[in-house]
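As a plain string of letters, each chain reads:
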Amino acid sequence: MTRQGKTNCKMVHLTINNAPVDVAEGTTILNAARQVGIRIPTLCHVERLKPVGACRICVVELDGVQNLAAACSMPVSEGLCVRTHSQRVREARRLVVELLLSEHDGQCQTCERREDCELQALSAELGVREVSYEGERTRRRLDSSTPALFRDSGKCIKCRRCVSVCSELQHVGALAAQGRGFETTIGPAFNRDLSSVACVQCGQCAAVCPVGAITERDQVDELWAAIDDPSKHVIVQTAPAIRAALGECFGYEPGTLVTGKMVAALRRLGVDAVFDTNFAADLTIMEEGSELLARLKRQLLDNQPGPLPLLTSCSPGWILYMEHFHADFLPHLSSCKSPQQMFGAVAKSYYAQQQGLRPEQVFVASIMPCTAKKYECQRPEMTSSGSQDVDVVLTTRELGKMIRAAGVEFHELPDESMDDPLGRSSGAADIFATTGGVCEAALRTVHEIVTGQPLPAENLHLTAVSGLSGIKEAALTIQGALPAWSFLEGVTVQVAVAHGLDNARQVLEQVRRGEKSYHFIEVMTCPGGCIGGAGQPRFTDDRVRQARMAAIYREDEGKSVRKSHENTAIQQLYQDFLGEPLGPRAHELLHTRYAPRDTLGKSESG
Amino acid sequence: MGTADPGSLCQQSTFEELLGQLDDVLLDYAKVPGALIPVLQIAQTLFGYLPEEALRRISRALDKPYSEVAGVVGFYSFFTTVPRGRVMVRVCLGTACYVRGGKEVLAGLKNLLGVEVGETTPDRAFSLDVGRCFGACGLAPVIMIDDDVHQGVRPAQLSRLLEPYRQGAAADGSARRDQDS
C-alpha cells in the first residue's frame, strides 16, 4: 500500500530517533519506523489489518505533545519528531507489560507457547524482572469443544488480534469482546463454546494470538500411541506446504525446502511408510478437472446449468464458510473431497488391499499446515473405507515438536525419498500449497486434455493468478480443441482466485449480483494459501509467505513430471482400481456432499 | 423458545406476535448505519428483556456477527437477556448504604427470594439487582422496590416489606395468564 502510495501520494517528512524519514501521507508511525529499520513492539497489531490500538505497547514520544501516542494508529505528519525507544517510552511499555503480567494466568512453564510467546519475549526485551502489581487474575475457562482449536481464557490478554482476523480477514465474526472491564472476555457470543457458533476452524486466530490463549488441539500423543501399537500399520501423508515451512521449526530461513529431511525425520519417528498428500493432489486434479469439463459441457453444449462457476473444495475452512454463510452456492462447490481425504480413502482401500491389510489395520496420520483439517477428518461423511479415513491430523508445528521430542537432529539428517506408490507426485501437486496453485494445476491438465497441447504459459506458470493480491483473475482462450471438445473451441475460460475468506466473499457477491462471470474459482481460506496456514511455524507475515511461495515454485520446477495426469502412480491407480475419473468407484471414494448450516450456529434453546 | 413467553411485559401480545413486531422494526432499520443500539432498545421495550430469538433476528437483519451483537448487549448494563420480574428490587451499595448494612440487606434478599443479583424468581414475580447510590445517603441503607424508596432497612423487615408487592405481582401474573391463553 505505502509503496504504491509513493508514486501517487504526497510525501511527508519527519524525524524518527533523529534520523530523517520520508514516507507517503497516511502511513502510520509504526510502518514509517519499519521502513527505516526500527521495530516498534506491539501485541495487537496485525499486518494489513486496521489498527486496533488495544495493547498500548507501541506508544512513542512525540516532540511538543504531552501524551504518548500509539504508533500503530497514529498517522505521520509533516515535521513530526518521534522517539520510539526513549526512557519514558521504555518505562511506559514496561508498566503496560507488568500490568498485563499481573492479570495473566499464564502457566508459563507448561504453556504451549513457552517457546514463542510474544508477551514473554517482550517482557525480556523490556527487562521486566518483577511484577510490582498484585491482584486478581483473569478467570480461566477452557474450551475444547472443537476438533481444531483449544481456548484458555486465563491466558488471554485481550489484544483482539483474533477478533480482527476473524471479522476483517475472514468475515466470519465468531469472536468478539464480551462483557466489560476486568470481566471482559474475548470469545463467541455470550461466552458460549466455539463449537456452538459459526466458526470455520481456520485457526487464523491461533496463528496471530501473541500468547497461549488460542492454540491448535495438540494431538502429538495420539500419533505416538499409534506408532507404539504393534497392531497398527502407520502411514503418514505430508501436505504440499509442509516442506517449505518445517525448516523454520529448526532455525532454517523461511523458504528453505526440507522435503528430504522431513521424510527422513518421519522415518526416524518409526512410522511404517512416508507418503505424500501431493499424490492425492494429483488425484484431485484428475477428478476436479474432469468435473470442470463435465460442467462446461453441460452448460455450453447441453444448455443446462453446469452449474458454473465451479468452486474448489480443497480447503475445509472454506467448505464450512460456504455451508454457514453462502448455502445458495453449495451446488457450485466441487464434489471432490480434499486431497487429505482422498488420500485417506485410497490408503485404506487400494493401499490396504495391496499390502494385504484390513482397512482398520491402517492408521493414517496427516501432517497439515492447517487446523481445519483436524476438523475435516472427523466429518461423518469422511468414512468411505468403512471407518474414519484419516485418523489423526498434526500441524507443521506439532511435527516439529515431535521430531525434537524424538531426539532427532534435524540438521544432520540425510535427504530421503517418499515411499511408493502413494509418495509419487507431480510439480502440479506441489503448487497446491500456494494461492493460485490449484487453479494453475487444474488448467495444466484441463488444457492438455482439451487440446492435446501444454498450457500456453511460460514455464507452465499462470502468473496472473500467483502472488499475494487478494483477488486475482485470468482468462484463457481455447484454441485447437480436439474433436471431442470442439464445443470449447474459441471459448475464453474465465478464472478467479481468492485467498482469505473476505476476499472469497467479495468474489461470490460480484457473481451473485451478475457483475462478474467465471467458469472456475479457486478459494483458499488462509492468506497466501496453505503456505500461510494456521498450523505453520509462527510468525507468518507477508515476507515469510513470499519466501515459502518461492520455495514451492522451485519445488515444482525441479520435478521431471509437472502435470497431474502424467503422474504414473495415478495412471496405475485408475487402471488397477478406480476405473475412470468420475466413475462409480471414484465417486464412492473421492467425492462428497455438503449441507447448509445456520449462519449463527446452533441456537442455545435447541 | 416457547410460543407464549411468560416473561413478556407486554400483556396484550404473545411471544410470536412480539417477534412479528420486531421483524417490522427490523425492516425499517436494515440498512441504517449505527442501528444496533436503537434496535436493541426497541426490542427490550417490546419483550421486557432480550430473548435469544430476538437477538438472532437482529443479528441476521442488520448483518452483524452474533458475537458482536452479544458483545454490545453484555457491555451495557441497561440490556438484559434474562426476563425481568414484574417487580424490580434494587439494593443500594453506594458507600453510605454499604457501610450501614446494605450488604446484609442484599444477603437477606438473596436468601428470601432465592436468587442471585441479576436474577429473577422462577415465578417471575421479583428481579433482584444492585445500584451504586440512589442519592438517598441520609436514609441509608435504602432499597428500591419498583419506584418506591424504603429507608433504614433491616434484614429482618424484608419479608414484611415485600408482602404487598408479592400480592400485586401474583395478581398481575394471573391476569396475564388469562390473556395469553
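1. What to know about the sheet that holds strand 16 (residues 471–477) of chain A
Residue and element names in this part refer to chain A. Read from one edge of the open sheet, four strands run 13-18-17-16, paired in mixed fashion. Pairing within the sheet leaves two strands with one partner each, and these edge strands are strand 13 (310–311) and strand 16. The sheet contact formed by strand 16 and strand 17 (residues 492–499) spans seven bridges and is antiparallel. Bridge assignment links A474 to a residue of strand 17, and that residue is V495.

2. What about the packing of helix 9 (residues 277–300) of chain A against helix 18 (residues 568–578) of chain A?
All names here are of chain A. Running from N to C, helix 9 and helix 18 point in directions that differ by 65 degrees, and their axes come no closer than 10 Å. One element, helix 9, and the other, helix 18, form an angle in the roughly perpendicular class. You can see that helix 9 and helix 18 cross each other, and the crossing is right-handed. On the side of helix 9, the interface is formed by F279, D282, L283, M286 and E287, while helix 18 contributes A569, I570, L573, Y574 and L578. Residues belonging to the contact of helix 9 with helix 18 are distributed by class as follows: eight nonpolar, no polar and two charged.

3. Remarks on the state of the cysteines
Residue and element names in this part refer to chain A. Within this structure, the stated rule accounts for zero disulfides over all chains. C205 provides the cysteine sulfur closest to C199, a residue in no disulfide bond, and the two sulfurs are 6.4 Å apart. Unpaired in terms of disulfides, C370 finds its nearest cysteine sulfur in C526, a separation of 6.1 Å. Exposure remark for C370: the relative accessible area of 14% places this residue in the buried category.

4. A word on the domain arrangement of chain A
All names here are of chain A. For chain A, the assigned domains read domain 1 (2–85) and domain 2 (96–216). Taken together, the contact pairs 14 residues of domain 1 with 18 residues of domain 2. Carbon and sulfur atoms supply 66% of the area that domain 1 and domain 2 bury against each other, a total of about 1200 Å² over both sides. Viewed at the interface, domain 2 and domain 1 are joined by one salt bridge. Joining domain 1 to domain 2, the criterion identifies five residue pairs in polar contact (both at pLDDT 80 or more).

5. Quick look at the environment of E17 of chain B
All names here are of chain B. Here E17 shows up in helix 1 (residues 15–29). The spacing of E17 and A125 is 108 residues in sequence and 23 Å in space, taken between C-alpha atoms. Here the side chain of E17 touches T14 through a polar contact of 3.0 Å, landing on its backbone nitrogen.

6. Considering the pattern of salt bridges
Scanning all chains against the criterion turns up 54 salt bridges over all chains. For D152 of chain A, the salt bridge identified is with R140 of chain A, shortest N-O distance 3.2 Å. A residue pair is termed long-range when its members are at least 10 positions apart, and D152 of chain A in strand 7 (residues 149–152) and R140 of chain A in the loop between helix 4 (118–125) and strand 6 (142–143) qualify at 12 residues. The exposure class assigned to D152 of chain A is buried, which follows from its relative accessible area of 2%. The network of salt bridges with shared partners includes R192 and D598 of chain A together with E52, R56 and R60 of chain B.

7. A look at the confidence of the model for chain A
Of all residues in chain A, 98% have pLDDT values of 70 or greater, and the mean over the chain is 96. Across residues 1–6 of chain A, confidence stays below pLDDT 50; counting only partners more than four residues off in sequence or on other chains, it has seven contacts.

8. So, the sheet that holds strand 2 (residues 126–131) of chain B
All names here are of chain B. Reading across from one edge, 2-1-3-4 is the order of the four strands in this open sheet, with mixed pairing throughout. Across the chains shown, the open sheet's two edge strands, defined by having one partner strand only, are strand 2 and strand 4 (148–150). In this sheet, neighbouring strand axes are inclined to one another by 20 degrees on average, regardless of whether the strands run parallel or antiparallel. Of the pairings in the sheet, the one linking strand 1 (residues 87–92) to strand 2 comprises six bridges and is parallel in character. Residue M88 lies in a different strand from strand 2, and its bridge partner there is S127. Strands strand 1, strand 2 and strand 3 (143–145) of the sheet are contacted by helix 5 (residues 95–113), whose axis makes an angle of about 145 degrees with strand 1.

The rules behind each value
Residues numbered from 1 in each chain as written. Chains lettered and ligands numbered in written order. Predicted model: local features only at pLDDT ≥ 70, side-chain atom pairs only at ≥ 80, totals over all residues. Heavy atoms only, no water. Pairing = 2+ DSSP bridges. Helix = DSSP H or I, 4+ residues; strand = E, 2+ residues; numbered from the N terminus. Axes fitted to C-alpha atoms, helices over the stretch in contact; angles between N-to-C directions. Parallel < 35°, antiparallel > 145°, perpendicular 65-115°, else oblique. Left-handed = near helix turned anticlockwise from the far one by under 90°. Contact = heavy atoms within 4.5 Å. Nonpolar A, V, L, I, M, F, W, Y, C, P; charged D, E, K, R; others polar. Disulfide = S-S within 2.5 Å. Buried < 20%, exposed > 50% of the residue type's maximum accessible area, 1.4 Å probe, protein only. Domains from an automatic or database assignment. Buried area = accessible area lost by both parts, 1.4 Å probe. Salt bridge = Lys/Arg side-chain N within 4 Å of Asp/Glu carboxyl O. Polar contact = N/O pair within 3.5 Å; in protein donor to acceptor, adjacent residues only side chain to side chain. pLDDT = per-residue confidence, 0-100.

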